[in-house]
Amino acid sequence: MTDYSFVRRHLIDPAPKWRDQRNPLPAVFLDRDGVINQEVHYLSKPEDMALIPGVGAAIARINAASVPVVVVTNQSGVARGFLGEDGLLVLHQRMTDLLAAEGASVQGIYYSPFHPDGQGEYRKESICRKPGPGMILAACEDFAIDRGESVLIGDKLADIGAGRAAGMKAVLVKTGHGAKESQLPGAQTADFIANDLADAIDRLFEMGVIAR
Ligand SMILES: [Mg+2]
């Protein structure tokens, strides 16, 4: 078994129901910036954390289906010195507070603070920086997740690549960087392209990918 203890985690849901290895669940993996919250270049201030319309209701719908929701986010702003991991935690608490106000929750947040152009301990290539699958694989070890039945939703081709590398479906949304990324040739490697997270979730329920 690979050791994924180096992968950084915030606000992991301790409930045992997500960890029943006899009953591995499909999971919905979500990129953060441009999928859950409005894209802000190197977001670092809690007051700049704003949900994209419809996201709370869409995540609440996945919650109601008893399917875990896991956030996987590249945060090279940490490596570049724009914010610290403590500041990132404040942002994540703000995000989960905003989601809770809409009746929604996520079961964990995995982030990569690393970048090859970063500073100090954060300056490195890492398989947990998307398109590497490290954060997803770490979550699959923390929770009982059926990777082949799971899906990743992101606004960049690096998200699609990470989902594919982890052996799951991958959906591109047009929010955030998605308006531009969806025009690139590599966008065709996504299972489909959705307008936003709410549209993606509607279609995944229709397709039976989230089948509960
Ligand atoms: Mg993004």
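Residues numbered from 1 in each chain as written. Predicted model: local features only at pLDDT ≥ 70, side-chain atom pairs only at ≥ 80, totals over all residues.

In the annotation of an unreviewed UniProt entry, the protein chain is listed under the name D,D-heptose 1,7-bisphosphate phosphatase and assigned to Thalassospira marina. UniProt's Sequence similarities (unreviewed entry) comment on the protein chain is quoted here verbatim: "Belongs to the gmhB family." (UniProt positions renumbered as here; feature names shortened; annotations may be inferred.)

Participant: Looking at this structure, I do not really get the sheet that holds strand β7 (residues 192-194). What am I missing?
Facilitator: Note: strands within a sheet are paired through backbone hydrogen bonds, in either parallel or antiparallel orientation. The 7 strands are arranged β1-β4-β3-β2-β5-β6-β7 in an open sheet whose pairing can be described as mixed. One side of each edge strand has no neighbouring strand; the edge strands of this open sheet are β1 (8-10) and β7. Going across the sheet, the axis of each strand differs from the next one's by a mean of 25°, ignoring polarity. (Pairing = 2+ DSSP bridges. Helix = DSSP H or I, 4+ residues; strand = E, 2+ residues; numbered from the N terminus. Axes fitted to C-alpha atoms, helices over the stretch in contact; angles between N-to-C directions.)

Participant: Would you take a moment to explain the packing of helix α1 (residues 55-64) against helix α7 (residues 197-207) for this structure?
Facilitator: How two helices pack is summed up by the angle between their axes together with the distance between the axes. The geometry of α1 relative to α7 is characterised by a closest axis approach of 8 Å and an angle of 25° between their N-to-C directions. When the axis of α1 is compared with that of α7, the two are roughly parallel. α7 is crossed by α1, and the crossing has left-handed handedness. Residue-level inspection shows Val55, Ala57, Ala58, Arg61 and Ile62 of α1 in contact with α7, the latter providing Leu197, Ala198 and Ile201. Its residues assigned to classes, the contact of α1 with α7 comprises 7 nonpolar, no polar and 1 charged. (Parallel < 35°, antiparallel > 145°, perpendicular 65-115°, else oblique. Left-handed = near helix turned anticlockwise from the far one by under 90°. Contact = placed C-beta atoms within 7 Å. Nonpolar A, V, L, I, M, F, W, Y, C, P; charged D, E, K, R; others polar.)

Participant: Just checking my understanding: could you explain the UniProt feature "binding site: Zn(2+)" (unreviewed entry) in the protein chain for this structure?
Facilitator: When the UniProt feature table is mapped to this numbering, "binding site: Zn(2+)" (unreviewed entry) covers Cys128. If we skip the residues at most four places from it in the chain, Cys128 touches Val7, Ser112, Gly134 and Met135.

Participant: How should α7 be read in this particular structure?
Facilitator: Helical periodicity: at 3.6 residues per turn, an α-helix aligns residues three or four positions apart in one direction. Listing the buried residues of α7 in full gives Leu197, Ala198, Ala200, Ile201 and Leu204. The buried residues of α7 all sit within an arc of 160° when viewed along its axis, so they share a single face. Where α7 is buried, its residues meet α1, β5 (151-154), β6 (169-173) and β7. One or two steps after α7, the chain reaches Gly208, where phi turns positive at roughly 85°. (Buried ≥ 20, exposed ≤ 12 C-beta atoms within 10 Å, placed from the backbone. Arc of directions from axis to C-beta.)

Participant: I keep staring at unusual backbone geometry and nothing clicks. Help me out?
Facilitator: Excluding glycine, residues mostly have negative phi values, and the peptide bonds linking residues are mostly trans. Geometrically, the link from Lys130 to Pro131 is a cis peptide bond, its omega value of 20° lying close to zero. Mapped onto the elements of the fold, Pro131 is located in the loop between β4 (108-112) and α4 (134-142). Its identity as a non-glycine residue notwithstanding, Leu11 has a phi of 55°, on the positive side. As for its position among the elements, Leu11 is in the loop between β1 and β2 (28-30). On the basis of neighbour counts, which here come to 15 C-beta atoms within 10 Å, the residue Leu11 falls in the partly exposed class. The residue Ser66 is not glycine, and still its phi comes out positive at about 55°.

Participant: Before we go on, may I ask you to explain the nonpolar core in this structure?
Facilitator: Judged by nonpolar contacts, the single largest core of 63 residues is most densely connected at Val28, Tyr110, Ile153 and Leu197. With 6 residues, the single largest contributor to this core is α4. With residues near it in sequence (within four places) discarded, Leu197 still touches Val35, Ile52, Gly54, Val55, Ala58, Ile153 and Val173. (Core = buried A, V, L, I, M, F, W, Y, C linked by C-beta atoms within 7 Å.)

Participant: Is there a simple way to think about the pairing of β6 in this case?
Facilitator: Two faces, one strand: in a regular strand the side chains alternate between the faces of the sheet. Within β6, 5 of the 5 residues are buried, which leaves the element mostly enclosed by the surrounding structure. What you see with β6 is no split at all: Lys169, Val171 and Val173 on one side and Ala170 and Leu172 on the other are buried throughout. Note that the unit made of β5, helix α5 (residues 157-165) and β6 has a crossover that is right-handed. The sheet contact formed by β6 and β7 spans 3 bridges and is parallel. In the sheet register, Leu172 faces β7, and the bridge partner there is Ile193. (Right-handed = clockwise from strand over helix to strand, strands pointing away.)

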